[in-house]
Amino acid sequence: ERAAHMVLKMIQSRTTRAEDHIGAVNLVVRESVAPTAAQDRAPQGTGSRMTIRWGLIGASTIAKQYMIAAIRNQPDGEVTAVMSSSPERAVAYATENGIPAAFSSLSDLLAADIDAVYISTTNELHLEQALAAARAGKHVLCEKPLALTVRSCQALIDAAKAGGAVQRDELQ
């Protein structure tokens, strides 16, 4: 409840700092995980604070310039995977940015051990990718626009609720 209030407050204030968006999603993820699971995933010496594992959908410039650092600047954030439709680009991007896993398929990325995704592909792909992530139970942070129609946006909200995930778009 506290996390949902924080996300709503950020949406209303139109906060644009990448760290704020990542922090809000990390908070929701932490609050949605059972305490024993959080303790099992906490790094040594951090108490019960779990690590939030992020997958990047899109090997983009904006992710490289802003979001990777924003995720890593969170005390509980870790970028663990990247997906690009080009296998070569996925591997090169992962290597350049110190990301352990690279995928060229959305289904393979979503099957990986991640909690949340950041979507920074071209606009027409956002809805399909966000729906797949929400249905897989992954939390979603998506570059704007989240969807191209109100009906599509409602479908995504419904999928996120059904999958137990939170979704939000990047407000800039």
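Refer to the structure above for everything that follows.
Please read all numbers here as calculations on a predicted model, not as lab measurements.

Cut-offs and rules
Residues numbered from 1 in each chain as written. Predicted model: local features only at pLDDT ≥ 70, side-chain atom pairs only at ≥ 80, totals over all residues. Heavy atoms only, no water. Helix = DSSP H or I, 4+ residues; strand = E, 2+ residues; numbered from the N terminus. Expected span 1.5 Å × (residues − 1). Polar contact = N/O pair within 3.5 Å; in protein donor to acceptor, adjacent residues only side chain to side chain. Buried < 20%, exposed > 50% of the residue type's maximum accessible area, 1.4 Å probe, protein only. Pairing = 2+ DSSP bridges. Axes fitted to C-alpha atoms, helices over the stretch in contact; angles between N-to-C directions. Parallel < 35°, antiparallel > 145°, perpendicular 65-115°, else oblique. Left-handed = near helix turned anticlockwise from the far one by under 90°. Contact = heavy atoms within 4.5 Å. Nonpolar A, V, L, I, M, F, W, Y, C, P; charged D, E, K, R; others polar. Core = buried A, V, L, I, M, F, W, Y, C linked by side-chain atoms within 4.5 Å.

### With respect to helix α4 (residues 61–72)
- For α4, spanning twelve residues, the distance from its first C-alpha to its last is 16 Å, which sits close to the expected 16 Å at 1.5 Å a residue.
- The opening residue of α4 is S60, an N-cap whose side-chain oxygen sits 3.1 Å from the backbone nitrogen of A63.

### Let's talk about the pairing of strand β5 (residues 139–142)
- Both faces of β5 are covered, namely the face carrying H139 and L141 and the face carrying V140 and C142.
- Of the pairings in the sheet, the one linking strand β4 (residues 116–119) to β5 comprises four bridges and is parallel in character. Residue pairing in the sheet places V117 in a bridge with V140 of β5.

### Remarks on the pairing of β4
- The two faces of β4 match: A116 and Y118 on one face and V117 and I119 on the other face are all buried.
- With four bridges connecting them, strand β1 (residues 52–57) and β4 associate as parallel partners. In the sheet register, G55 faces β4, and the bridge partner there is V117.

### Brief notes about the packing of helix α7 (residues 123–135) against helix α8 (residues 150–163)
- It is at 8 Å that the axes of α7 and α8 come closest, and there the two elements cross at 15 degrees. Put simply, α7 runs roughly parallel to α8. For the pair α7 and α8, the crossing hand works out as left-handed. The residues of α8 that touch α7, namely those facing L127, A130, L131, A134 and R135, are S152, A155, L156, A159, A160 and G163.
- For the contact of α7 with α8, the residue count by class is eight nonpolar, two polar and one charged.

### What about the nonpolar core?
- Of all hydrophobic cores here, the largest spans 20 residues; its most connected members are I22, W54, L56, V82, Y93, I99 and Y118.
- Within the residue set of this core, elements represented by two or more residues are α2 (18–32), β1, α4, β2 (77–83), α5 (87–97) and β4.
- Of the residues forming this core, the biggest block, five residues, is contributed by α4.
- Setting aside anything within four residues of it in sequence, one finds I22 in contact with W54, M67, A70, I71, Q74 and L141.
- By size, the runner-up hydrophobic cluster in this structure holds 19 residues, among which are M83, L109, I119 and V140.

### So, unusual backbone geometry
- Cis peptide bonds are those with omega within 30 degrees of zero, and the linkage from K144 to P145 qualifies with -5 degrees.
- Among the secondary structure elements, P145 is positioned in the loop between β5 and α8.

### Here's the deal with the packing of α4 against α5
- Where α4 meets α5, the axes come as close as 12 Å, and the angle between the chain directions of the two elements is 55 degrees. It follows that α4 is oblique to α5 by the angle criterion. Judged by the twist between their axes, the crossing of α4 over α5 is right-handed. Across the interface between the two elements, A63, K64, I68 and R72 of α4 pack against Y93, E96 and N97 of α5.

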